[in-house]
Amino acid sequence: MDNKTILKAVDHTLLKQTATWNDIKIICDDAIKYDVASVCIPPSFVKQAKEYVGDKMKVCTVIGFPNGYNTTKVKVFETKDAIQNGADEIDMVINLSMLKDKKYEEITEEIRQIKEACGENILKVIIETCLLNEDEKIKMCKCVTDAKADFIKTSTGFSTGGATAEDIVLFKENVGENVSIKAAGGIKDLDTARDFITKGSSRLGTSSIIKIINNEEVTGY
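A brief structural summary. The structure presented is a predicted model; accordingly, all values stated were derived computationally and were not measured. (Residues numbered from 1 in each chain as written. Predicted model: local features only at pLDDT ≥ 70, side-chain atom pairs only at ≥ 80, totals over all residues. Heavy atoms only, no water.)

Here's the deal with the overall build of the protein chain
Okay, step 1: Per the secondary structure count, the protein chain includes ten helices and eight strands.
Okay, step 2: Relative to the compact-globule value of 17 Å for 221 residues, the protein chain shows a C-alpha radius of gyration of 16 Å, a close match.
Okay, step 3: Its C-alpha atoms give the protein chain principal-axis dimensions of about 45 × 35 × 30 Å.
Okay, step 4: Taken across its 221 residues, the protein chain has 52% of its residues classed as buried.
Okay, step 5: Across the protein chain, the fraction of contacts at a sequence separation of at least 24, relative to all contacts at a separation of at least 6, is 67%.
Okay, step 6: Summed over all atoms, the accessible surface of the protein chain reaches about 10200 Å², with 48% contributed by carbon and sulfur.
Okay, step 7: If you average the places of the 30 positive and of the 35 negative side-chain charges in the protein chain, the two averages end up 2 Å apart. (Helix = DSSP H or I, 4+ residues; strand = E, 2+ residues; numbered from the N terminus. Rg over C-alpha atoms; globule rule 2.2 N^0.38 Å. Buried < 20%, exposed > 50% of the residue type's maximum accessible area, 1.4 Å probe, protein only. Contact = heavy atoms within 4.5 Å. Areas by Shrake-Rupley, 256 points an atom, 1.4 Å probe, with all protein chains shown as cover. Lys, Arg positive; Asp, Glu negative; His and termini not counted. Charge placed at Lys NZ, Arg CZ, Asp CG, Glu CD.)

In structure tokens:
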């Protein structure tokens with residue numbers, strides 16, 4: 001698998017709390033240069049970034065990030081606002097408290113409402129695998145499938161761990177045929193990226209791949 005194939009799967013990500021517009025502009029330029037899948041950036045930069053990149057690059061943003069415990073109404077509002085500002089793709093965080101309380105129907109309904117707010121735009125559902133047991137991960141595969149989201153995503157990159165190969169395999173075995181997989185968090189070398197794609201991820205959330213290709217120091221998400 002060549003670097004170009006890997007880059008086409010990358011959501012080039014910058015979600016640091018201290019990110020400036022200049023930082024965002026740099027990753028947008030890199031994203032266009034290397035022909036990645038999208039840039040994934042904070043909601044407050046979406047409008048400016050979309051005006052900057054136009055149709056040259058997809059803009060992705062995050063909802064309920066990173067903890068997921070906003071109310072459903074707030075998440076739906078965030079989603080509508082992001083899309084109005086020009087977001088092409090939405091990465092939402094589930095309500096982990098609902099999951100721990102086994103409120104699977106409520107989780108499914110929240111995802112469904114956010115997908116409805118997305119319309120034709122892609123919705124990826126972050127389930128924060130590092131905080132879940134295997135049964136909870138399998139339950140979330142069903143919730144995401146039933147809610148008709150487009151992707152299930154491993155991690156925010158802001159918790160206790162990121163994507164693992166085992167979780168990608170588990171997702172592949174348990175999601176519906178219309179749900180794709182995004183691995184995110186801790187992808188800091190090309191071998192890991194290749195492995196995740198081989199095992200079933202069609203997207204990678206990372207800030208590191210372009211840096212690696214450019215022989216730059218790798219830090220962060």
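Some thoughts on the packing of aromatic side chains
Within a pair of aromatic rings, the relevant descriptors are the distance that separates the centres and the angle that separates the planes.
Okay, step 1: In the structure shown here, the tally under the stated rule is three aromatic pairs.
Okay, step 2: Consider the rings of tryptophan 21 and tyrosine 52, whose centres lie 5.8 Å apart with planes at 85°: the pair is edge-to-face. Taken together, the residues span a long stretch of sequence, with tryptophan 21 in helix H2 (residues 21–34) and tyrosine 52 in helix H3 (residues 46–53) at a distance of 31 residues.
Okay, step 3: For the pair phenylalanine 65 and phenylalanine 158, a centre-to-centre distance of 5.2 Å together with 85° between the ring planes defines the contact as edge-to-face. Residue phenylalanine 65 is found in the loop between strand S3 (59–63) and helix H4 (72–84), and its partner phenylalanine 158 is found in the loop between strand S6 (151–153) and helix H8 (165–174); the two are separated by 93 residues along the sequence.
Okay, step 4: Note on phenylalanine 158: relative accessible area 34%, which makes it partly exposed.
Okay, step 5: Following the ring pairs from residue to residue traces out a cluster consisting of Trp21, Phe45 and Tyr52.
Okay, step 6: Across from the ring centre of phenylalanine 151, 6.0 Å away, lies the NZ or CZ of lysine 124, which sits over that ring. (Phe/Tyr/Trp six-rings, centres within 6.5 Å; stacked < 30°, edge-to-face > 60°. Lys NZ or Arg CZ within 6 Å of the ring centre and 35° of its normal.)

Structural notes on the environment of lysine 103
Okay, step 1: In this fold, lysine 103 is placed in the loop between helix H5 (96–100) and helix H6 (104–118).
Okay, step 2: In this structure the C-alpha to C-alpha distance between lysine 103 and isoleucine 197, which are 94 residues apart in sequence, comes to 31 Å.

Looking at the pattern of salt bridges
Okay, step 1: Across all of its chains, the model carries 21 salt bridges by this definition.
Okay, step 2: The shortest N-O distance in the salt bridge between arginine 112 and glutamate 109 comes to 2.6 Å. With arginine 112 and glutamate 109 both in helix H6 and three residues apart, the pair spans about one turn of that helix.
Okay, step 3: Of the residues examined, arginine 112 reaches a relative accessible area of 35% and is grouped as partly exposed.
Okay, step 4: Glutamate 109 gets classed as partly exposed once you look at its relative accessible area, which sits at 31%.
Okay, step 5: We note a salt bridge from arginine 194 to aspartate 191, for which the minimum N-O separation is 3.3 Å. (Salt bridge = Lys/Arg side-chain N within 4 Å of Asp/Glu carboxyl O.)

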